[in-house]
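# Residue-level structural notes
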Amino acid sequence: MGKIIKTTCASCGHEWVNKIGCGLMHGSLGNIAGLFSEEESERIREYMTRNAYPLFDFAYRLAYCDHCESLVSVPVLELKDESGRYVGSCKQCSRKIEIEDIIEEADETSCPVCGRASLHTEDTGLWD
Ligand SMILES: [Zn+2]
Ligand SMILES: [Zn+2]
């Protein structure tokens, strides 16, 4: 089950609501593959054909999109034995998000709008 989080900037008042974590459908690598670009999705499916019991970690994670100057949630997949890491695109502008843009601790990250480190995150609900 995933969480819905609200991130608010105490300095400029901007607010973002994002879904993070994963849902029921994400237990299957086949469903997850469809969330990535065509090329990546092909590589993921190929991995599935080579591994009957694929080991992976999947979650939507909070990330910073420098194009939108916004906090968004992106799908992140890690294939265990190939050290393959896949990061999806921004859902607003569809640009590729880099692994460095993934936010580990929102409370320690600068606000994408005003640049101050005054973000605060709270859980507002669950999804799936
Ligand atoms: Zn964007
Ligand atoms: Zn701000």
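Note: the structure precedes this text.
### A short note on the pairing of strand S2 (residues 15-20)
The two faces of S2 differ: Trp16, Asn18 and Ile20 on one face are buried, but Glu15, Val17 and Lys19 on the other face are not. Sheet topology places strand S1 (residues 2-9) next to S2; six bridges connect them, and they run antiparallel. Bridge pairing in S2 places Ile5 opposite Asn18. Connecting S1 to the next strand, S2, in antiparallel fashion are five residues, including Gly13 with a positive phi near 85 degrees.

### Here we look at the sheet that holds strand S4 (residues 70-79)
Strand-to-strand pairing in sheets goes through backbone hydrogen bonds, with the strands running parallel or antiparallel. A sheet is described by the order of its strands in space; here three strands give the open sequence S3-S4-S5, paired in antiparallel fashion. Two strands bound the open sheet, and with one partner strand each, they are strand S3 (56-65) and strand S5 (84-87). Ignoring which end each strand starts from, the neighbouring axes of this sheet average 25 degrees apart. Pairing between S4 and S5: four bridges, direction antiparallel. Across the sheet, Leu77 pairs through a bridge with Tyr86, a residue of S5.

### Regarding the sheet that holds strand S6 (residues 119-127)
Within the open sheet, the three strands sit side by side as S2-S1-S6. Their pairing is antiparallel. Since the sheet does not close on itself, it has two edges, and those belong to S2 and S6, each with one partner. Taken over all neighbouring pairs, the strand axes of this sheet differ in orientation by 25 degrees on average, direction set aside.

Analysis parameters
- Residues numbered from 1 in each chain as written.
- Chains lettered and ligands numbered in written order.
- Predicted model: local features only at pLDDT ≥ 70, side-chain atom pairs only at ≥ 80, totals over all residues.
- Buried ≥ 20, exposed ≤ 12 C-beta atoms within 10 Å, placed from the backbone.
- Helix = DSSP H or I, 4+ residues; strand = E, 2+ residues; numbered from the N terminus.
- Pairing = 2+ DSSP bridges.
- Axes fitted to C-alpha atoms, helices over the stretch in contact; angles between N-to-C directions.

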